[in-house]
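So you can see what is in the structure, the chains are spelled out below.
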Amino acid sequence: MGSTDSKQKLGERVIAARRKLEDDMKLQSERSDDLMAKSPKTMQFMLSSIESSFKNYAPFLEPTLLIAWSADKDKCEDIVVNACKKVLSAPITPDEYDWFKVYVLPSSIWMLKTKDDRYMYQELMDIAQSMSHSIIETMDSVYGHLRKHDKWDQLMAIKEETIVSRQDDKKVGMLQDKGIMDVADIKDDDEKMALQTFIDAHAAINSLTVSAKIIDREFQNYVKTMMGRYGTFKAAPMKKVERCLSKLENDYASEQYPKSAKLLDLVRCSVTFNTLEQLIQGFDAIKTHVDSSQQSMKLARVKNGFLDPDYVGGYRDIKINVIFHSAMHPEIKMICEIQLILSQFLHEKKRIHKLYSIVREETYFQMVVSTPKTAKTTDVKQLKFEPVFDARTDVKDASVSSVRGKCSVDSASGLLALEDNNKNFLVYNMDKKKVVFQHALSFTNWSEFQRQGYSHEWIEWGGKKHVSVQTEQHIIRTFAVDGGFSEIESLRISLPDTDEINYCAFDKKSKRIFMVRNKSTLEERSLKTVKNVTKSIKLDQEIATSNLNPLSLSVDGAWCAIGGGKNKNYFYLIDVAKGTQYKLVTTTLGQGHTMGGVIPCFINGESNFVAVGGAGGKFEIWDVKTRKACKFLACTKEGSINCLSSKNNILAIGNTKKTLNLWDVRDWQMFYEKETKVEPTSIHLSEDSKYLTVSGWNGEKCLVFKTNSV
């Protein structure tokens, strides 16, 4: 399914679906026009026929559905949506679900627009997500009930531990063949990476799957004999190769070669228990066995899904990875997995699995309806970056101190704006190498400027270019570029002197401004009436101080992400329309870093994924809908990530090791790295990716690169 496919297989599905959609639309148009001219009643008959098919979950041919859509788009939309709601509502009936999977889900109808100008697949995702949330709430309720159990403390005493986490560990010994390891010594980095990727996905995975197949039955029988008296044993199918490839490309993208060594659950099984007491007894039995076993089974890892009370997703279990030494094939040792499950969670897991299989198709649908790239489109990996402006040396009639605040270039005008440490807002004409506008930033103390020096924004208003900037702790001003940078007083936002604007951002169309007020409230204002607050969201927790920019807004203004502040390893994700707030804790970023904690950035500015950077050069990619981290990546240098920017399939990252990294978000490969003299605290990509601007402490202060993207 969708996001669990390997990139190659997903790409093939998308190409096939686009071709099918084109053929289906052509056929629909020809047949509908013909029928409308010669037999309009047939059109209505086919609509009624489809209505009966969906009402009774009866088989139908897709051309009939497409003709019915032409007959009455709105009615057909209602027929499909209502049927999906019934099929996916609990309890999900197997026959009805199979009908949906065979006849409805593969249809091109999901790529058509609704009466609300959305895609039909978006309606389907909303239904599946809504049903999933109710199941998650049920599982959370089960978890809450368990916390009152008299055996709860014993469950919490099962701590997570990792002894071995790779199949190529010397205690396991897999993937040590010369045919796999020889490429690790290749000197040419580009050739080395390409070969390693290929061998990982083919030779290494093939080696693992062969060994898994050889020992699978022996392992299943061994665990069944050991655990059958404690709970209900069930052998699980071996992990499919396509799923293994997906894990390599997504979950293990930043792991060392061979990445496939991280696949620890090709051979797996589960034991289900009716009570908490039985689950604890089962865990103790496995621990006792592996501790006493001389040869057959040793402990590799324990993951206790019950430990985290803030986990979002509902389902919880205990996963035990063991090193299984085959008695029938003594040359094979392999890490396998045993899941310990409570029956209450298993029941809900089965219900939600069908819904997740639909939700995972979202990436596939998005790719089908997106505009395919033409041959003229620049491949981001082919971009070249040439330094064209250095604010420290290129302007002779003005000096700039370290640029702790934001820097950005407006491509249309070729103007560079920045907020420097002398508390000045400066605009440079890069061609003429001169300052064309300067305005003092009147913050009462240094710490306020450190927090609020990331405010300026290039905006379109009334068909003309303007630049907006926070000039005092409680005031935001907007200046007309073509009017000699005269202030537009009707756009001035002025709060009471005792209030402060901590951070602010505009949506892409420059219709709304969002700002954090007094560390405790997220406000939305329309630029048509900036003096009026159109939406106010009281934050669940007052945000902590950050010396960097912890605020990111999706371009449509639908979602806002705010970092937790200095030394915090969490961030807040806010659904602006609903006012819903989610506190999301990162898993690989430690406690953030001392300057700003973790720094969020929406990928391509869209509402689908958020990159979150922190200490150690590591960053995570979070899925907005599921609110789960789906990728864990790392830069080559381990300095703390201070700033991120993402547009046009590029994620730009600056860190304290004075390094700039650029990643292609389509395959999560780093394609550009450059060392600078400046320690970046701000990084900015222009809307067309024509300019990349980096600024910060010391060195070049502010450096502008021009790309060959246009």
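Details of the structure are given in the entry above.
Right, let's walk through the structure included here. (Residues numbered from 1 in each chain as written. Predicted model: local features only at pLDDT ≥ 70, side-chain atom pairs only at ≥ 80, totals over all residues. Heavy atoms only, no water.)

Some remarks on the overall build of the protein chain
We count it as follows: Helix and strand definitions follow DSSP, with helices as H or I runs of at least four residues and strands as E runs of at least two, each counted in order from the N terminus. Note on method: radius of gyration uses C-alpha positions; expected globular size equals 2.2 Å times residues raised to 0.38. Summary of the burial criterion: residues with accessible area below 20% of their type's maximum are buried, those above 50% are exposed, and those between are partly exposed, where the area comes from a 1.4 Å probe applied to protein chains only. Contacts between residues were defined by any pair of non-hydrogen atoms, one from each residue, lying within 4.5 Å.
Secondary structure summary: the protein chain contains 14 helices and 35 strands in total. In summary, the protein chain has a C-alpha radius of gyration of 28 Å against a globular reference of 27 Å for 710 residues, a match within 12%. For the protein chain, the C-alpha atoms occupy an extent of roughly 80 × 75 × 55 Å along the three principal directions. Within the span of the protein chain, comprising 710 residues, buried residues form 54% of the whole. Contacts spanning at least 24 positions in sequence make up 57% of the contacts within the protein chain whose residues lie at least 6 apart.

Here's the deal with the environment of K706
Looking at where K706 falls in the secondary structure, it is placed in strand β35 (residues 702-707). On the basis of relative accessible area, K706 is assigned to the partly exposed category, the value being 34%. For K706 and S554, which are 152 residues apart along the polypeptide, the C-alpha to C-alpha distance reads 25 Å. Ignoring sequence-local partners within four residues, the contact set of K706 consists of K384, F385, E386, V388, K690 and Y691.

Digging into the pairing of strand β32 (residues 669-675)
Keep this limit in mind: When DSSP finds at least two bridges between two strands, those strands are taken to pair.
Across six bridges, strand β31 (residues 659-664) lies against β32 in antiparallel orientation. By the bridge assignment for β32, W663 is matched with M670. Adjacent in sequence and paired antiparallel, β31 and β32 are bridged by four residues, among which W668 carries a positive phi angle near 55 degrees.

Side note on the sheet that holds strand β8 (residues 407-410)
Selection rule: Between N-to-C directions, angles span 0 to 180 degrees; the directions come from axes that are lines fitted to C-alpha atoms, helices contributing only their stretch in contact.
The four strands lie next to each other as β8-β9-β10-β11, forming an open sheet whose pairing is antiparallel. Each of the sheet's edge strands pairs with one partner strand only, and the pair in question is β8 and β11 (434-440). Across the sheet, the axes of successive neighbouring strands diverge by a mean angle of 15 degrees, strand direction being ignored. The sheet contact formed by β8 and strand β9 (residues 415-419) spans four bridges and is antiparallel. Note that in β9 the partner of V409 across the bridge is L416.

Topic: the side chain of Q220
Considering the arrangement of structural elements, one finds Q220 in helix α9 (residues 189-227). Look at Q220 and you get buried, because its relative accessible area is 6%. Setting aside anything within four residues of it in sequence, one finds Q220 in contact with F233, A235, A236, V267, R268 and C269.

A few points about the sheet that holds strand β29 (residues 641-647)
Strand order in the open sheet formed by four strands is β29-β30-β31-β32, and the pairing between neighbours is antiparallel. With partners counted over all chains shown, the strands left at the sheet margins are β29 and β32, one partner each. In this sheet, neighbouring strand axes are inclined to one another by 15 degrees on average, regardless of whether the strands run parallel or antiparallel.

Quick notes on the packing of helix α2 (residues 40-56) against helix α4 (residues 73-88)
Formally: Our angle categories are set so that under 35 degrees counts as roughly parallel, over 145 as roughly antiparallel, 65 to 115 as roughly perpendicular, and the remainder as oblique.
One way to put it is that α2 packs onto α4 with a least axis distance of 10 Å and a crossing angle of 10 degrees. Viewed along their axes, α2 and α4 adopt a mutual orientation that is roughly parallel. Taken together, the residues of α4 that come into contact with α2 (itself represented by L47, E51 and F54) are K75, C76, I79, V80 and A83.

Section: the environment of E123
By the element assignment, E123 lies in helix α6 (residues 120-146). Separated by 43 residues in the primary sequence, E123 and V80 have C-alpha atoms spaced 10.0 Å apart. When residues no more than four places from it in sequence are discounted, the contact partners of E123 are V81, T114 and R118.

Quick look at the pairing of strand β18 (residues 512-517)
One face of the sheet, then the other: side chains in a regular strand alternate in exactly this way. Taking burial as the measure, the six residues of β18 include five buried ones, the bulk of the element. Relative to β18, strand β17 (residues 501-506) runs antiparallel, the two sharing five bridges. What sits directly across from A505, in β18, is F514. Pairing of β18 with strand β19 (residues 521-526), which is carried by six bridges, proceeds in the antiparallel orientation. Bridge pairing in β19 places M515 opposite E523.

A few points about the nonpolar core
Worth spelling out the cut-off: Nonpolar core, defined: a set of buried Ala, Val, Leu, Ile, Met, Phe, Trp, Tyr and Cys residues in which side-chain atoms within 4.5 Å join the residues together.
By size, the foremost hydrophobic cluster in this structure holds 118 residues, and its most contacted members are F54, F100, W110, L155, F219 and I318. With residues near it in sequence (within four places) discarded, L155 still touches L276, L279, I280, N304, F306 and I318. By size, the runner-up hydrophobic cluster in this structure holds 18 residues, among which are I599, C601, F619 and L651.

Thoughts on the packing of aromatic side chains
Note the cut-off: Stacked, tilted and edge-to-face are the three classes applied to pairs of Phe, Tyr and Trp rings, where Trp contributes its six-membered ring and a pair requires centres within 6.5 Å; stacked means planes under 30 degrees apart, edge-to-face means over 60, and tilted covers the rest.
Using the criterion set out here, one finds 22 aromatic pairs in the structure. Seen in terms of ring centroids, Y222 and F324 are 5.5 Å apart; in terms of plane orientation they differ by 70 degrees. Their pairing is edge-to-face. Placement of Y222 in helix α9 and of F324 in strand β5 (residues 318-325) is noted, with a sequence separation of 102 residues between them. The class for Y222 is partly exposed, based on a relative accessible area of 23%. With a relative accessible area of 1%, F324 lands in the buried category. Aromatic side chains Y570 and Y572 sit 5.7 Å apart centroid to centroid with 80 degrees between the ring planes, which places their arrangement in the edge-to-face category. By relative accessible area, Y572 is classed as buried at 6%.

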